[in-house]
Amino acid sequence: MISKSKYNDKLIGGYNPLNLKAYGSGIDTWTECSDSFIFHFPIPDSINSAQIARVKDPQYAVSYRTNAGPSFGSGWDLTIEIGKVMRCNLISSYPGISDFITAGTTLSLDEYEIFKVVKK
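Residues numbered from 1 in each chain as written. Predicted model: local features only at pLDDT ≥ 70, side-chain atom pairs only at ≥ 80, totals over all residues. Heavy atoms only, no water.

### Observations concerning the sheet that holds strand 9 (residues 85-88)
Point 1. Pairing within the open sheet is antiparallel, and its 10 strands lie in the order 3-6-7-8-9-10-1-2-4-5. Every interior strand has two partners, whereas the edge strands, strand 3 (30-31) and strand 5 (51-54), have only one.
Point 2. Where strand 3 lies against strand 6 (residues 62-64), two bridges are found, and the strand directions are antiparallel. Residue T31 lies in a different strand from strand 6, and its bridge partner there is V62. (Pairing = 2+ DSSP bridges. Helix = DSSP H or I, 4+ residues; strand = E, 2+ residues; numbered from the N terminus.)

As structure tokens, then:
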């Protein structure tokens, strides 16, 4: 998943090797994955500027709500909500995210996209 902020061209996203789907019957269900991470490109045109926050609490690596979008981390470290809004509520499962986004931040998104990587 990659997103672009509406006002400052920030590129922030997350990687999860599992399928993005609702993982249980509740709206806030999580799946465990130790390979997930959140990333940020402070200079949008430079891949070398990438910063990565790896999951430290894999039990709450990723969630997906069909009425909104993907979420990363048990504190809703990074979540896509209805209306093209990205929030960082608390920082818990991805502590390195504090290097590039502050807890309590809300960003209006120009757009976001979810890609599926397929191994051939």
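### Side note on the nonpolar core
Point 1. Counting 19 residues, the largest nonpolar core has I38, L78, M86, Y94, I97 and I101 as its most contacted members.
Point 2. Counting residues per element, the ones that place at least two in this core are strand 8 (78-81), strand 9 and strand 10 (105-113).
Point 3. Leaving out residues up to four positions away in the same chain, Y94 has contacts with S36, F37, I38, A53, R54, V55, A61, F72, G73 and D77. (Core = buried A, V, L, I, M, F, W, Y, C linked by side-chain atoms within 4.5 Å. Buried < 20%, exposed > 50% of the residue type's maximum accessible area, 1.4 Å probe, protein only. Contact = heavy atoms within 4.5 Å.)

### Observations concerning the confidence of the model for the protein
Point 1. Of all residues in the protein, 92% attain a pLDDT of 70 or more, and the chain-wide mean is 86.
Point 2. Mean pLDDT values over the elements of the protein span from 84, in strand 3, up to 95, in strand 5. (pLDDT = per-residue confidence, 0-100.)

### Some words on the packing of aromatic side chains
Point 1. Taken as a whole and assessed by the stated rule, the structure comprises six aromatic pairs.
Point 2. Between W30 and Y60, the aromatic rings sit 6.1 Å apart at their centres with planes inclined by 80°, giving edge-to-face as the arrangement. Taken as a pair, W30 in strand 3 and Y60 in the loop between strand 5 and strand 6 lie far apart in primary sequence, 30 residues in all.
Point 3. Exposure remark for Y60: the relative accessible area of 29% places this residue in the partly exposed category.
Point 4. Ring plane angle 80° and centroid distance 6.1 Å describe the contact between F72 and Y94, whose orientation is recorded as edge-to-face. Of this pair, F72 sits in strand 7 (residues 70-72) while Y94 sits in the loop between strand 9 and strand 10; the two residues are 22 residues apart in sequence, bridging distant segments of the chain.
Point 5. Its relative accessible area of 2% is what places F72 among the buried residues.
Point 6. In this structure Y94 comes out as buried when scored by relative accessible area, which is 0%.
Point 7. These aromatic residues form a ring-pair network of at least three members: Y15, F37, F39 and F41.
Point 8. In this structure, R54 is placed above the aromatic ring of F37, and the distance from its NZ or CZ to the ring centre is 5.6 Å. (Phe/Tyr/Trp six-rings, centres within 6.5 Å; stacked < 30°, edge-to-face > 60°. Lys NZ or Arg CZ within 6 Å of the ring centre and 35° of its normal.)

### Describing the pattern of salt bridges
Point 1. In this structure the tally under the stated criterion is two salt bridges.
Point 2. For the salt bridge of D110 with K4, the shortest nitrogen-to-oxygen distance reads 3.6 Å. With a gap of 106 residues between them, D110 in strand 10 and K4 in strand 1 (residues 2-5) connect regions that are remote in the sequence.
Point 3. A salt bridge links E81 to R87, with the shortest nitrogen-to-oxygen separation between them at 2.5 Å.
Point 4. Accessibility expressed as a relative area gives 22% for E81, which makes it partly exposed. (Salt bridge = Lys/Arg side-chain N within 4 Å of Asp/Glu carboxyl O.)

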